[in-house]
Amino acid sequence: MSPATVICIGMAGSGKTTFMQRLNAHLHSKNTPPYVINLDPAVLKIPYGANIDIRDSIKYKQVMEQYNLGPNGAIVTSLNLFSTKIDQVIKLVEKRSESVNNVIVDTPGQIECFIWSASGSIITEAFASTFPTVIAYIVDTPRNTSPTTFMSNMLYACSILYKTKLPMIIVFNKTDAQDAEFAKEWMKDFETFQIAINKDQDMNSEDGSSYMSSLVNSMSLMLEEFYSTLDVVGVSSYTGAGFDDFMDAIDNKVEEYNEFYKAERERILKKKEEDEKKRQAKQLSSLMKDLKIKNGKTASNDGEVLSDLEDEEEDEYNGEVLRDEDEPQREYTFPEDRNSEINSNTDSDLQSRYQAALEATSKTTSSKTAENIAQYIRR
C-alpha cells in the first residue's frame with residue numbers, strides 16, 4: 001500500500017514548522033514513524049529529524065550571492081534547482097514505502113514561493129502522481145477571529161485547492177490560545193457568520209465598512225459549496241491536542257483521493273496522451289501534404305513513378321487550384337524536345353513531302369548538266 005503524503009502549507013507565522021514537529025512526534029508515539037521531507041531552504045534549524053533536507057543539496061546563501069537575488073527569489077531558485085532532482089526523491093520514498101505509512105512534507109513559510117511557482121507545481125504533481133497526496137492548510141486561529149481576516153484565509157485556501165486539485169484539510173492551529181469552534185460554526189452556518197460581520201461593523205464604524213461587510217457576505221455565500229468539500233480540524237501544536245482527529249481526516253481524504261481524485265487525474269493524463277497523439281498525427285499529415293505524399297504512398301511504389309495527378313485531375317499550388325489557363329507556359333523549346341514531338345503520323349507525312357520534293361528537283365534538272373556529271377565521273 002502506498003504511503004499517504006501530507007504536504008503542509010501555511011502562511012508565515014501560522015505555526016507550520018511546530019505543527020510538523022508535533023505531527024512527527026505523534027506518529028512516533030503510535031509506532032508508525034513517518035518519512036519526513038524539508039523543502040524550506042532558508043530555515044536555520046528544524047525541530048525534527050528530516051530524511052530528506054533541501055539544505056543538504058542547495059545552499060540558500062550561496063544561491064543569493066551567485067544569482068544576485070533577494071530572499072524570496074533565492075527560495076524560488078532553490079526550489080527550482082531541487083525540483084530537477086525530484087525523480088530521485090520519489091525513488092527514495094518508494095524504497096521506504098513498505099516500511100512507512102505517512103510522508104510529511106514541510107514547505108517554505110513564504111507560501112507564494114511554493115504554491116505559485118513552477119517548481120512547486122512540479123513537486124506537488126510528482127508526489128500526487130505516485131502516492132495518495134493531501135494538502136494540509138495550516139491556519140493561525142487567534143489571528144482569524146475577525147470575519148474579514150477569516151474570509152481572506154478561506155479565499156486563499158480556495159485558490160490553493162483550485163491550483164493543486166488535491167484533497168484539502170483545513171487545520172486551525174494554536175487552539176490552546178484560541179478555540180476554533182467559532183470558525184467551524186462560521187463555515188457551517190451563514191447566519192452566524194453574518195451576525196459576526198454586523199458585530200464587527202458596529203465595532204469598527206469606519207468609512208467603507210458597509211461595502212466591506214456586503215462583499216464578505218457575498219463571498220461567504222459563494223464559498224458555501226467550497227466548505228462542504230473540506231475536512232476541518234482544530235489542533236494545538238503546543239499541547240498535541242486534536243492530532244488523532246487530524247489523522248482520521250487524513251484517512252478520509254486518502255479514500256477520497258482514491259475514489260475521485262485519482263480517477264480524475266487518470267482521465268486528465270489519458271486526455272493529454274490522446275491530445276498528444278492527435279497533435280503528432282496532425283503534424284505528420286501536414287508534413288505528408290507538404291511533400292505531396294498522399295494515402296501513405298511514397299515517391300516510388302513497386303518501381304513505378306507516381307504521377308503528380310494521381311487520383312485527381314487538379315493540381316494544387318500554394319493551396320490554390322490551378323486552371324488550365326493558369327498553368328505556366330513553356331517559353332523556349334530545345335531541339336531535342338522538338339524532335340521528340342515527331343510521332344508516326346508526322347513521320348509518314350514528312351516522307352511523302354520529301355519524295356515529292358525529290359521528284360520535282362529531278363524534273364527541273366537539265367540533260368546538259370547530267371552529261372557533264374557523267375563525263376566527270378568517267379575521267
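Scoring rules and cut-offs
Residues numbered from 1 in each chain as written. Predicted model: local features only at pLDDT ≥ 70, side-chain atom pairs only at ≥ 80, totals over all residues. Heavy atoms only, no water. Salt bridge = Lys/Arg side-chain N within 4 Å of Asp/Glu carboxyl O. Buried < 20%, exposed > 50% of the residue type's maximum accessible area, 1.4 Å probe, protein only. Helix = DSSP H or I, 4+ residues; strand = E, 2+ residues; numbered from the N terminus. Patch = residues over 30% accessible without salt bridge, like charges linked within 9 Å, V, L, I, M, F, W, Y side chains within 5 Å. Areas by Shrake-Rupley, 256 points an atom, 1.4 Å probe, with all protein chains shown as cover. Lys, Arg positive; Asp, Glu negative; His and termini not counted. Charge placed at Lys NZ, Arg CZ, Asp CG, Glu CD. Contact = heavy atoms within 4.5 Å. Phe/Tyr/Trp six-rings, centres within 6.5 Å; stacked < 30°, edge-to-face > 60°. Lys NZ or Arg CZ within 6 Å of the ring centre and 35° of its normal. Pairing = 2+ DSSP bridges.

### Some points on the pattern of salt bridges
For step 1, the next point in the chain: Going through the model one piece at a time under the given rule, you end up with 11 salt bridges.
For step 2, the next point in the chain: Between Asp140 and Arg143 there is a salt bridge, with its nearest N and O atoms 3.1 Å apart.
For step 3, the next point in the chain: Here Arg143 falls in the exposed class, since its relative accessible area comes to 54%.
For step 4, the next point in the chain: One salt bridge in this structure joins Lys174 and Asp140, with 3.3 Å as the shortest N-O distance. In this pair, Lys174 sits in the loop between strand 6 (168–173) and helix 8 (181–188) while Asp140 sits in strand 5 (residues 133–140), placing the two residues 34 residues apart along the sequence.
For step 5, the next point in the chain: Owing to a relative accessible area of 26%, Lys174 belongs among the partly exposed residues under this scheme.
For step 6, the next point in the chain: Take Asp140: its relative accessible area is 7%, and that puts it in the buried class.
For step 7, the next point in the chain: Through salt bridges that share partners, Asp140, Arg143 and Lys174 make up one connected network.

### Points about a nonpolar patch on the surface
For step 1, the next point in the chain: A contiguous nonpolar patch, built from Tyr211, Met212 and Leu215 and spanning about 300 Å² of accessible area, is present on the exposed surface.
For step 2, the next point in the chain: Secondary-structure assignment places Met212 in helix 10 (residues 209–222).

### Some remarks on a negative patch on the surface
For step 1, the next point in the chain: The grouping of Asp245, Asp248, Asp251, Glu255 and Glu259 at the surface amounts to a negative patch.
For step 2, the next point in the chain: Within the element layout of this structure, Glu259 appears in helix 12 (residues 243–290).
For step 3, the next point in the chain: What makes Glu259 exposed here is its relative accessible area of 53%.

### Quick notes on the side chain of Asn102
For step 1, the next point in the chain: Its location among the elements puts Asn102 in strand 4 (residues 102–106).
For step 2, the next point in the chain: Here Asn102 falls in the buried class, since its relative accessible area comes to 10%.
For step 3, the next point in the chain: Once residues within four sequence positions are removed from consideration, Asn102 is found in contact with Pro3, Ala4, Leu27, Pro34, Tyr35 and Met247.

### Focus on the packing of aromatic side chains
For step 1, the next point in the chain: Per the stated rule, a full pass over the model turns up nine aromatic pairs.
For step 2, the next point in the chain: Ring geometry for Phe19 and Phe243: centres 5.3 Å apart, planes at 25°, overall stacked. Of the two residues, Phe19 is situated in helix 1 (residues 16–29) and Phe243 in helix 12; the sequence distance between them amounts to 224 residues.
For step 3, the next point in the chain: Between Phe182 and Trp186, the aromatic rings sit 5.1 Å apart at their centres with planes inclined by 85°, giving edge-to-face as the arrangement. In this pair, Phe182 and Trp186 both sit in helix 8, four residues apart, roughly one turn of the helix. Just as Phe182 is buried, Trp186 falls in that class too.
For step 4, the next point in the chain: Put simply, the rings of Phe150, Phe172, Phe182, Trp186 and Phe193 pair up and form one aromatic cluster.
For step 5, the next point in the chain: In this structure, Lys165 packs its charged tip against the face of Tyr162, placed 4.9 Å from the ring centre.

### Notes on the sheet that holds strand 4
For step 1, the next point in the chain: Taken together, seven strands build an open sheet; the order of strands is 3-2-4-1-5-6-7 and the sheet is parallel. In this open sheet, the two edge strands, each paired with only one partner strand, are strand 3 (52–53) and strand 7 (231–234).

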